[in-house]
Amino acid sequence: VPEQALAHFRKCVEHGAEAERAWQAQFAAYAQAFPDLANEWELMMSKNVPDEWEKIVPAFAPEKAVATRVASGQILNAIVKVIPSLVGGSADLAPSNNTYLNGYGDAQADDFTGRNIRYGIREHAMGAIMNGIALHGGFIPYGGTFLVFSDYMRPAIRLAALMEQQVIYVLTH
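Structural notes, computed from the coordinates. (Residues numbered from 1 in each chain as written. Predicted model: local features only at pLDDT ≥ 70, side-chain atom pairs only at ≥ 80, totals over all residues. Heavy atoms only, no water.)

Moving on, we get to the pattern of salt bridges. Under the definition given, this model contains 2 salt bridges. A salt bridge links arginine 118 to aspartate 106; its shortest N-O distance comes to 2.7 Å. Taken together, the residues arginine 118 in strand S2 (residues 116-118) and aspartate 106 in the loop between helix H4 (94-97) and S2 connect sequence positions 12 residues apart. The class of arginine 118 is exposed, set by a relative accessible area of 57%. (Salt bridge = Lys/Arg side-chain N within 4 Å of Asp/Glu carboxyl O. Helix = DSSP H or I, 4+ residues; strand = E, 2+ residues; numbered from the N terminus. Buried < 20%, exposed > 50% of the residue type's maximum accessible area, 1.4 Å probe, protein only.)

Dropping the structure here:
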C-alpha cells in the first residue's frame, strides 16, 4: 500500500473514533433526558425482544379450526404491541395473508412513523428490502406472500440465512 494512501486511511480511523466518541456522549445525554426512550433504543438495536411478548400470543383451541394465515395475522397484531422493532408487510397480498398491522399506519416516503410496508408486487425486492432493514439494525422486518411466489425471493432468503439475519417470512396458501 502506498504510504500516502496508508496515511489517508489512518486519518479515517482517527476521524471515525472521534465521531464514535461524540455520538456516545450525545447518546449519554439523551439517555439522561429520556431514559425510557433510550432503553427502547438499546433494546431495538440489540435485536432482542421484551420478555412479555410470549405472554400475549393468542391461544388457539385445537377443536376450533383457524386458518394458519388468520392465526398468523392475529399473532402479528398481538405481539406488535410489545415489540417496538417489528415492521413489515406484504407483496401486495396483505388482505389475503393477514400481514397488516392494524392501527399502525403505513410507512411513507415523507413519514416513517407507520410500521406497515407496502412492498408492491415484487417478492425479490421485498426480500432484499427486509435484508437491508435487518442489516441496518434496530428493526425486525417481516414480509408475507403466497408460498408459490417464494421462488421469486429465494436469493434474498438464501442471503438472509447465510448472513444469519433476523428476518421473518410469512408464506401462506
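Right, picking up where we left off after that structure.
Read from one edge of the open sheet, 4 strands run S2-S1-S3-S4, paired in parallel fashion. Unpaired on one side and paired on the other, S2 and strand S4 (168-172) mark the two borders of the sheet. Geometrically, the sheet is characterised by an average inter-axis angle of 20° between neighbouring strands, direction not taken into account. One ladder, built from 3 bridges, connects strand S1 (residues 86-90) with S2; its direction is parallel. (Pairing = 2+ DSSP bridges. Axes fitted to C-alpha atoms, helices over the stretch in contact; angles between N-to-C directions.)

Position of arginine 69 relative to the elements: it lies in helix H3 (residues 68-79). Separated by 28 residues in sequence, arginine 69 and asparagine 97 place their C-alpha atoms 5.4 Å apart. The residues contacting arginine 69, other than those within four sequence positions of it, are Ser96, Asn97, Asn98, Thr172 and His173. A distance of 3.3 Å separates the side chain of arginine 69 from the backbone oxygen of serine 96, its partner in a polar contact. (Contact = heavy atoms within 4.5 Å. Polar contact = N/O pair within 3.5 Å; in protein donor to acceptor, adjacent residues only side chain to side chain.)

With 14 residues, helix H5 (residues 123-136) extends 20 Å from end C-alpha to end C-alpha; this agrees with the ideal 20 Å at 1.5 Å per step. Burial in H5 covers these residues: Glu123, Met126, Gly127, Met130, Asn131, Ile133 and Ala134. Across the axial projection of H5, the buried residues extend over an arc of 165°, all falling on one side. Contacts from the buried residues of H5 go to S1, S2, strand S3 (140-146), helix H6 (154-162) and S4. Glycine 137, located one to two residues past H5, shows a positive phi value of around 100°. (Expected span 1.5 Å × (residues − 1). Arc of directions from axis to C-beta.)

What follows covers the packing of helix H1 (residues 3-33) against helix H2 (residues 35-45). Following both chains from N to C, one finds H1 and H2 inclined at 130°, their axes separated by 5 Å at the closest point. If you check the angle between H1 and H2, you find them oblique. Residues Trp23, Phe27, Tyr30, Ala31, Gln32 and Ala33 of H1 form the contact with H2, whose own contacting residues are Pro35, Leu37, Ala38, Trp41 and Glu42. For the contact of H1 with H2, the residue count by class is 9 nonpolar, 1 polar and 1 charged. (Parallel < 35°, antiparallel > 145°, perpendicular 65-115°, else oblique. Nonpolar A, V, L, I, M, F, W, Y, C, P; charged D, E, K, R; others polar.)

As paired strands, S3 and S4 are joined by 5 bridges and run parallel to one another. Paired with threonine 145 across the strands is leucine 171, a residue of S4. Taken together, S3, H6 and S4 form a β-α-β motif whose crossover is right-handed. (Right-handed = clockwise from strand over helix to strand, strands pointing away.)

Attention now moves to the packing of aromatic side chains. Under the defined criterion, the tally for this structure stands at 6 aromatic pairs. When the centroid spacing of 5.2 Å and the interplanar angle of 40° are considered together, the rings of tyrosine 30 and phenylalanine 34 count as tilted. Classification of phenylalanine 34 by relative accessible area gives partly exposed; the value is 45%. Centroid distance phenylalanine 146 to phenylalanine 149: 5.9 Å. Interplanar angle 15°. Geometry classified as stacked. You can call phenylalanine 146 buried: its relative accessible area is 18%. By the ring-pair criterion, three or more aromatic residues cluster together here, those being Trp23, Phe27, Tyr30, Phe34 and Trp41. (Phe/Tyr/Trp six-rings, centres within 6.5 Å; stacked < 30°, edge-to-face > 60°.)

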